[in-house]
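Secondary and tertiary structure notes
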Amino acid sequence: MVAMTAIAKNELKRGDVILQVKDLVKYFPVRTSFLQSLRGKEQLAVRAVDGVSFDVYKGEVLGVVGESGCGKTTLARTLLRLTDATSGSAILEGVDILSRNHAEMKELRKKLQVIFQDPYESMNPRMDVQTIISEPLRIQGIVNSVNAARDIVASVLADVEMLPPEEYMSRYPHELSGGQRQRVAVARALALDPDFIVADEPVSMLDVSIRGEVLNLMLTLSRSRDVTFVYITHDLATARHICDRIAVMYLGKMVELGTADEVIINPRHPYTRALIGAVFVPDPRHRGFADILRGEIPSPVNPPSGCRLHPRCPHAIDICRTTEPEFITYEGTHRAACHLAGQLKPRQA
Ligand code: SF4
């Protein structure tokens, strides 16, 4: 085994690979009855993430997009070690997140932070804003009291445009609007000056009118503080708005990855084309993606053979039923897993 050396903060330049995910697998065993286990029935599992490999570059916003059940949230939770991977590796700045023990993970959390979907759920309603934001600083031993953290709290509140900070520090979560609560969640994630933030559907519970503000804030922070974001979302339109690159997942697999323009304007995979056709119909540049999928998403316990999309894909041919397509690079950074990805027309006239 090759020893890995942690990369010191600021050693990486913008655009360097900060996270390398390789063959990541997460299966959840399905509970079987005692009788079934006595009969020697095969242990079934939900294949939530099933062999996913990709790089993330320092300072970018990478969107991971897909319908519910595609594995994107499990991917996020596995990278954050909120659940253990079945196999694979995820090397963040030279350190494999997936093989760290509890004490080592505590150290890694200084670099790796999370923003959850529901800011209200993720905050203690009995803590004021100053205590909420300073909590990770105290856990990490960076400060030993709430008061000692006051300058850092004021600074990150200013970063998330909650001004003047003193006005918000003594408020409790119920005294804030949904958008302000999510800004506090972003401020809490920033308090440790992390390099990498995973944001799991961070605006899906907010009013449409304020989603853009919080997303723009993430984009601004990624530029001004060189923070790398992985933005987990079911919403292709918001991913298009803030992401440098977009990865599309379907049934536990990554099926397409490229710059936001490559994926949205010239999608290679029929699943991406179907998503775009459903979301961007009013935009004339996207008319013509007439890929309409048949039926429902199959069970991740027993996914289809070959290409997992084949029972639903309008372009499926014989090989699709038997042979899993490789995740191939077509041009630049644009990758897709489809036997016909090189032949599908950019747009149907
Ligand atoms: Fe459709 Fe075949 Fe491509 Fe899968 S490999 S997306 S079934 S054309």
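Anything mentioned here points back to the structure above.
The text that follows walks through the structure, step by step, so that each part is easy to find. The residue numbering used here restarts from 1 in each chain and proceeds along that chain's sequence as written. For a predicted model such as this one, the threshold for reporting local features is a pLDDT of at least 70, and the threshold for listing and counting side-chain atom pairs is 80 or more; totals across whole chains, interfaces and linings nevertheless cover every residue. With hydrogens and water excluded, all non-hydrogen atoms of the structure serve as input to the side-chain values.

This part takes up the sheet that holds strand β1 (residues 17-29). Pairing within the open sheet is antiparallel, and its four strands lie in the order β2-β1-β4-β5. With one partner strand each, in any of the chains shown, β2 (45-57) and β5 (95-96) form the two edges of the open sheet. Here, strands pair whenever DSSP counts at least two bridges between them. Each helix is a run of H or I in the DSSP string that is no shorter than four residues. Each strand is a run of E no shorter than two, and both are numbered from the N terminus. Note that β1 and strand β4 (residues 87-92) share five bridges and pair antiparallel. Paired with Leu19 across the bridge in β4 is Leu92. Packed onto the sheet, helix α2 (residues 72-79) meets β1, β2 and β4 and runs at close to 115° relative to β1. Residue contacts are counted whenever heavy atoms from the two residues lie within 4.5 Å of one another. Axis lines are fitted to C-alpha atoms, over the contacting stretch for helices. Their N-to-C directions set the angle, which ranges from 0 to 180 degrees.

With that settled, the discussion passes to the site of the ligand. The criterion for a residue being near a molecule or strand is simple. One of its heavy atoms has to lie within 4 Å of it. The ligand sits among His269, Pro270, Cys307, Leu309, His310, Cys313, His315, Ala316, Cys320, Cys338, His339 and Leu340. Here the ligand occupies the largest cavity. Gly is placed with the polar residues, together with every amino acid not listed as nonpolar (Ala, Val, Leu, Ile, Met, Phe, Trp, Tyr, Cys and Pro) or charged (Asp, Glu, Lys and Arg). Here the residues of the shell around the ligand sort into eight nonpolar, four polar and no charged. In this analysis a 1.4 Å probe is tested at points of a 1 Å grid over the protein atoms alone, and where it fits but cannot get out there is a cavity; an open set with protein on both sides within 12 Å along at least five of seven lines is a pocket; lining residues have an atom within 4 Å of a point. Think of it this way: a molecule belongs to a cavity or pocket when more than half its atoms come within 2 Å of the grid points there.

Right, let's get into unusual backbone geometry. Looking along the chain, the bond that leaves Leu163 and enters Pro164 is cis, with omega of -10°. Looking at the secondary structure, you find Pro164 in the loop between α5 (150-159) and α6 (165-169). The phi dihedral of Asp23 is positive, around 50°, even though this residue is not glycine. You can see Asp23 is positioned in strand β1. Despite not being glycine, Arg81 shows a phi value in the positive range, around 60°. With respect to the helices and strands, the residue Arg81 is situated in the loop between α2 and β4.

On to the side chain of Ser222. Residue placement: Ser222 occurs in helix α8 (residues 208-224). Under the relative-accessibility criterion, Ser222 is labelled buried at 0%. Each residue touching Ser222, except ones within four places of it in the same chain, is listed here: Arg14, Gly59, Val61, Val227 and Phe229. Remark: exposure states derive from per-residue accessible area (1.4 Å probe, protein chains only) relative to the maximum for the residue type, with buried under 20%, exposed over 50%, and partly exposed in between.

It is worth spelling out α8 at this point. The end-to-end C-alpha distance of α8 is 25 Å, a good match for the 24 Å that 17 residues give at a rise of 1.5 Å each. Of all the residues in α8, the buried ones are Val214, Leu215, Leu217, Met218, Leu221 and Ser222. For α8, the angular spread of buried residues about the axis comes to 150°, placing them on one side. Of the exposed residues in α8, the ones pointing more than 90 degrees away from its buried face are Ser209 and Ser224. Against the buried residues of α8 lie β3 (61-65), α5, α7 (178-190), β7 (196-200), β8 (228-233) and α9 (236-242). Within two residues after α8, Asp226 carries a phi angle of roughly 60°, on the positive side. For a helix, the expected span equals 1.5 Å multiplied by the number of residues minus one. In this description, the arc belongs to the directions extending from the helix axis to the C-beta atoms.

Moving on: the packing of aromatic side chains. When two rings of Phe, Tyr or Trp (its six-membered ring) have centres within 6.5 Å they constitute a pair, described as stacked for plane angles under 30 degrees, edge-to-face for angles over 60, and tilted for the intermediate range. On inspection of all chains with the given rule, the structure shows one aromatic pair. When the centroid spacing of 4.7 Å and the interplanar angle of 50° are considered together, the rings of Tyr250 and Tyr271 count as tilted. Taken together, the residues Tyr250 in strand β9 (residues 245-250) and Tyr271 in helix α11 (residues 270-279) connect sequence positions 21 residues apart. Judged on exposure class, the residue Tyr250 and its partner Tyr271 are both buried.

Of all six residues in β9, six are buried; the element is thus mostly enclosed. Burial along β9 is two-sided: the residues Arg245, Ala247 and Met249 and Ile246, Val248 and Tyr250 are all buried. In terms of strand pairing, β3 meets β9 through four bridges, oriented parallel. In the sheet register, Gly63 faces β9, and the bridge partner there is Ile246. The pairing of β9 with strand β10 (residues 253-259) spans six bridges and is classified as antiparallel. Its bridge partner being in β10, Arg245 is matched across the sheet by Thr259. Following β9, the chain reverses through two residues before pairing antiparallel with β10; Leu251 in that reversal takes a positive phi of roughly 50°.

Now for the environment of Thr5. Structurally, Thr5 is set in the segment before β1. Residues Thr5 and Glu93, spaced 88 residues apart in sequence, show a C-alpha to C-alpha distance of 8.4 Å. Setting aside chain neighbours within four positions, we find Thr5 in contact with Glu93 and Gly94.

A word on the pattern of salt bridges. Pairs may arise between side chains of opposite charge once their charged atoms sit close together. A pair is scored as a salt bridge if a Lys or Arg side-chain nitrogen falls within 4 Å of a carboxyl oxygen belonging to Asp or Glu. Enumeration according to the criterion identifies 19 salt bridges in this entry. Here Asp226 makes a salt bridge to Arg14, at a shortest N to O gap of 2.5 Å. Here Asp226 is found in the loop between α8 and β8, whereas its partner Arg14 is found in the segment before β1, with 212 residues between them in sequence. Judged by relative accessible area, Asp226 falls into the partly exposed class, the value being 25%. Salt bridges here are not isolated pairs; linked through shared partners, they connect Arg47, Asp50 and Arg308.

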